[in-house]
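# Per-entry structural report
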Amino acid sequence: MNTLEHAQLEILDTTLRDGAQGEGITFSVQDKLTVIRALDELGISWVEAGNPGSNPKDMDFFRLAGKLELKHAKLCAFGATRKKGIAAAEDPNLLSLLSAETQAVVIFGKSWDLHVSEVLRASPEENLAMIAETVTFLKEKGRRVFYDAEHFFDGWKANPSYALATLKAACEAGAERIVLCDTNGGTFPDSIASAVKEAMAFLNIGQDGPVLMGIHAHNDADMASANTVTAVRLGCRHVQGTLAGFGERCGNTSLAAVMPSLELKLGFRCLPPGKMELLSEITREVAEVANVAISPNMPYVGNYAFAHKAGMHADGILKIRASFEHIDPSLVGNERHFVMSEMGGRSAVAERVKKIDLSIDKDHPVTAALTQKLKTLEAQGWQFEGADGSFDILIRRELGRYKPLFSIEACRVVSEHPNGNTIASSHAWVKVLVDGQEEIAAAEGSGPVNAMDIALRRALKLFYPELERVRLSDYKVRVIDGNAATAAKVRVLITSTDGRQTWSTVGVSEDIIGASRAALVDSIEYKLIHDVERRFKVYM
């Protein structure tokens, strides 16, 4: 391990500011408060919570956020340097930053002479004055100031002396953090390394002084994590990013991906002790609030991050973990996952069964029966590779531990196209039986499956209120045998979430409604069974 390492890093999460600039992402005030609480629970040092000068909603948010009792996270507001031709004390944007009453303020300024002349339409000297006077004004008002050098790396390539001069202006005015920003996200690690070295030497910034060098990378060339790690290894001790990596264009450095690399691989300290184990859960929670799907193959926290499909891999991982896993999944709150398919073999099946019954090994008759059943069902068109929920229920049936928590006594789905209109009107009616009690519900949906889903949940929520939090996050249909044309079997795969956990189930039938119904029933059963087990700590 490197002697430079073991140092404490300062993590700034900008999900609520830079992340909110990602296409399709909108946070309500309550969403922002939820995200801050989650980031605080994770132990993030700073949360860049918004730009109070940009919209009234952020001002309302800062007023409420100031009342939060946070254990770890400190809030900062974000804004630009003063405008050209106006005094800092008269700039409405700077005054709004003060009114947010955060401990620190993040100010961004221009480092690229192209932006100074063509965007700001200012002289190089005026831009330097804008930076220095802004930092001085905010310091005099009692704020800690972090300076984001926007487009620093592009500016350094074009005119290194001027780019460095902008950093010096901020540093001499009292900025505590000088953050080098790869705003366009196109810089490679070798350029990052050269620029960081030169900037630190120019400003004479150490790795543990009152002024820290920081890194803020975007991912347009898929280099954000590599650039961040490079900058940290060369002395940057302040790291900015968004937890799940989303943000403008291709997104920002994913803190959920880079923090484990820095802490578990290189020995830097990113989070308080014990907090890294919360990473997967809280990353998913934040993504859920943003209504963003975490990529299943996202490093460290994705559902596929520790998934093993090939029989050789499953056998190897059970003999020695390091053979096919670079870290223990539990260190980041994730878990090993054996993909159930005809390629998996008994070792993989046995490991999945052990989650329900620890006495089962690969030579147990149940393992042999499940392995054979898996191959038979896959030959019929079923696929459990992406349907862990359905396979979980299949295991319970084989073990004799499956007790249905409800049954559908009757179901009717009608889809109409009145007057030949291309817009369908779909209605569903279901009767369910739970512990001898019947309940009937009806619903209208945007399609027959949607109507059936709504009606089924509406009936069951009377018995199981926890279903209120469950929603379908993905729905896929695949024709298994195209030669049968419209009479072909179809496979329906649905993914459901309750905001904390995500699971998938599958159904197969010649009837798309029947396949969808089977997958929906498995999805609800899986949720209810696992809720019961968590509450009572017993197997059903």
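Scoring rules and cut-offs
- Residues numbered from 1 in each chain as written.
- Predicted model: local features only at pLDDT ≥ 70, side-chain atom pairs only at ≥ 80, totals over all residues.
- Heavy atoms only, no water.
- Helix = DSSP H or I, 4+ residues; strand = E, 2+ residues; numbered from the N terminus.
- Buried < 20%, exposed > 50% of the residue type's maximum accessible area, 1.4 Å probe, protein only.
- Contact = heavy atoms within 4.5 Å.
- Areas by Shrake-Rupley, 256 points an atom, 1.4 Å probe, with all protein chains shown as cover.
- Axes fitted to C-alpha atoms, helices over the stretch in contact; angles between N-to-C directions.
- Parallel < 35°, antiparallel > 145°, perpendicular 65-115°, else oblique.
- Left-handed = near helix turned anticlockwise from the far one by under 90°.
- Nonpolar A, V, L, I, M, F, W, Y, C, P; charged D, E, K, R; others polar.
- Core = buried A, V, L, I, M, F, W, Y, C linked by side-chain atoms within 4.5 Å.
- Pairing = 2+ DSSP bridges.
- Right-handed = clockwise from strand over helix to strand, strands pointing away.
- Patch = residues over 30% accessible without salt bridge, like charges linked within 9 Å, V, L, I, M, F, W, Y side chains within 5 Å.
- Salt bridge = Lys/Arg side-chain N within 4 Å of Asp/Glu carboxyl O.
- Polar contact = N/O pair within 3.5 Å; in protein donor to acceptor, adjacent residues only side chain to side chain.

Further remarks concern the overall build of the protein chain. Check the secondary structure of the protein chain and you find 17 helices and 16 strands. When its C-alpha atoms are laid out on the principal axes, the protein chain stretches across 75 × 60 × 50 Å. Buried positions account for 51% of the 540 residues belonging to the protein chain. Taking the contacts inside the protein chain whose residues are at least 6 apart along the sequence as the reference set, 67% of them involve residues at least 24 apart. Of the roughly 23,500 Å² that the protein chain leaves accessible, carbon and sulfur atoms contribute 51%.

This next bit is on the packing of helix α14 (residues 365-379) against helix α15 (residues 388-399). Between α14 and α15, the shortest axis-to-axis distance is 11 Å and the interhelical angle comes to 135°. When the axes of α14 and α15 are compared, the pair comes out oblique. At the point where α14 passes α15, the crossing takes the right-handed sense. Mapping the contact onto sequence places V366, A369, L370, K373, L374 and L377 in α14 and F391, L394, I395, E398 and L399 in α15. In the contact of α14 with α15, the residues fall into 9 nonpolar, no polar and 2 charged.

Of all hydrophobic cores here, the largest spans 86 residues; its most connected members are F152, L167, I178, L243 and M259. Take this core: its biggest share by element is 7 residues, from helix α1 (residues 29-42). Ignoring any residue separated from it by four or fewer positions in sequence, one finds L167 in contact with Y147, A149, F152, I178, L180, A199 and L203. Of all hydrophobic cores here, the second largest spans 32 residues; its members include L405, F406, A441 and A455.

This part takes up the pairing of strand β4 (residues 104-110). With 6 of its 7 residues buried, β4 lies for the most part within the structure. Bridging between strand β3 (residues 74-80) and β4 involves 5 bridges; their strand directions are parallel. The partner of C76 across the bridge, within β4, is A104. Handedness of the β3-helix α3 (residues 92-99)-β4 crossover: right-handed. Sheet topology places β4 next to strand β5 (residues 144-150); 7 bridges connect them, and they run parallel. Residue pairing in the sheet places V105 in a bridge with V145 of β5.

Taken together, the side chains of Y475, V477 and I512 define a hydrophobic patch exposed on the protein surface, amounting to about 220 Å² of accessible area. Secondary-structure assignment places V477 in strand β14 (residues 471-479).

With respect to the element layout, H238 can be found in strand β8 (residues 238-241). Residue classification places H238 among the buried residues on the basis of a relative accessible area of 0%. Within the structure, H238 has its side chain in polar contact with the side chain of E10 (distance 2.6 Å). Look past the residues within four positions of H238 in its chain and what remains in contact with it is E10, L12, F146, R177, V179, M213, G214 and I215.

Another point: the packing of helix α5 (residues 124-140) against helix α7 (residues 160-173). Orientation of α5 relative to α7, taken along the N-to-C sense of each, is 25°, at an axis distance of 8 Å. One element, α5, and the other, α7, form an angle in the roughly parallel class. For the pair α5 and α7, the crossing hand works out as right-handed. Residue-level contacts link P124, N127, L128, I131, A132, V135, T136 and K139 of α5 to Y162, A165, T166, A169, A170 and A173 of α7. Residues that form the contact of α5 with α7 fall into these classes: 10 nonpolar, 3 polar and 1 charged.

This is a description of form; function is not addressed.
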